[in-house]
Amino acid sequence: MRKLVKITIALVILFFLNNAYTGIPLWTVIPDPNYPTSLYLTSMSKANVVYTITNKSHQTHTLAMQPIRGVTQITSGDNCSSVFTLAYQKSCTLSLSINGNLLTGNIHGGPVVCEQGGTFACYQPSFPNVLNITFIPIARYLITPVAGVNGAINPDNPQTVLAGS
């Protein structure tokens, strides 16, 4: 009977420790204050956003960012590679290039960084620090050339142009 009580107490303690630890992120995604995470972009705009990914767990993790349309992860130099491994308390720089020409709409959330294999744990920045990209469409105009008497226009076919071009 005494052995059963000890086993029960051990299981209860293990349960509470496990639940208490699950609230702590295994890795953090913190923005670089020099690169704002809230932006307004047109199809002709480009911007960069930078985050620092830090492993907070005592285990090594192999991580990757989930793709976002219009956002490219810059993997050259000292940046995080497309799949990167971080030991305890180690960090890398997640540099993102946002190309307005590839955006199909607004982006609200991310970047989401997930573990490869194993548990598939995923984390992203805290709510005020997620990507918040507002896409502003540029007006397009159809230009139809019409030449006057004895005139000529080259090119002489209708063309669609962006406002300001």
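Predicted model only: the values in this text are computed from it and were never measured.

*Asks:* Would you mind going over the environment of L103 with me for this structure?
*Replies:* By the element assignment, L103 lies in the loop between β7 (91–99) and β8 (107–108). Judged by relative accessible area, which is 7%, L103 ranks as buried. Sequence separation of L103 and R69 is 34 residues, and the distance between their C-alpha atoms is 6.5 Å. Dropping the residues within four chain positions of it, L103 is found in contact with L41, R69, G70, I98, I133 and F135.

*Asks:* How do you make sense of the state of the cysteines when you look at a structure like this?
*Replies:* A covalent bond bridging the sulfur atoms of two cysteines is what the word disulfide describes. This model, assessed by the stated rule, comprises two disulfides. With a sulfur-sulfur separation of 1.9 Å, C114 is cross-linked through a disulfide to C122. The sign of the S-S torsion, about 110°, decides the handedness of the disulfide formed by C114 and C122: right-handed. Accessibility expressed as a relative area gives 37% for C122, which makes it partly exposed. Taken in N- to C-terminal order, the disulfide-linked cysteines of the chain are connected 1-2, 3-4.

*Asks:* What is the right way to look at the pairing of strand β5 (residues 71–74) in this model?
*Replies:* The side chains of a regular strand alternate between the sheet's two faces. Here β5 shows a buried face lined by V71 and Q73 and an unburied face lined by T72 and I74. Relative to β7, β5 is paired through four bridges, and the arrangement is antiparallel. Directly across from V71, in β7, lies its bridge partner I98.

Definitions and limits used
- Residues numbered from 1 in each chain as written.
- Predicted model: local features only at pLDDT ≥ 70, side-chain atom pairs only at ≥ 80, totals over all residues.
- Heavy atoms only, no water.
- Helix = DSSP H or I, 4+ residues; strand = E, 2+ residues; numbered from the N terminus.
- Buried < 20%, exposed > 50% of the residue type's maximum accessible area, 1.4 Å probe, protein only.
- Contact = heavy atoms within 4.5 Å.
- Disulfide = S-S within 2.5 Å.
- Pairing = 2+ DSSP bridges.

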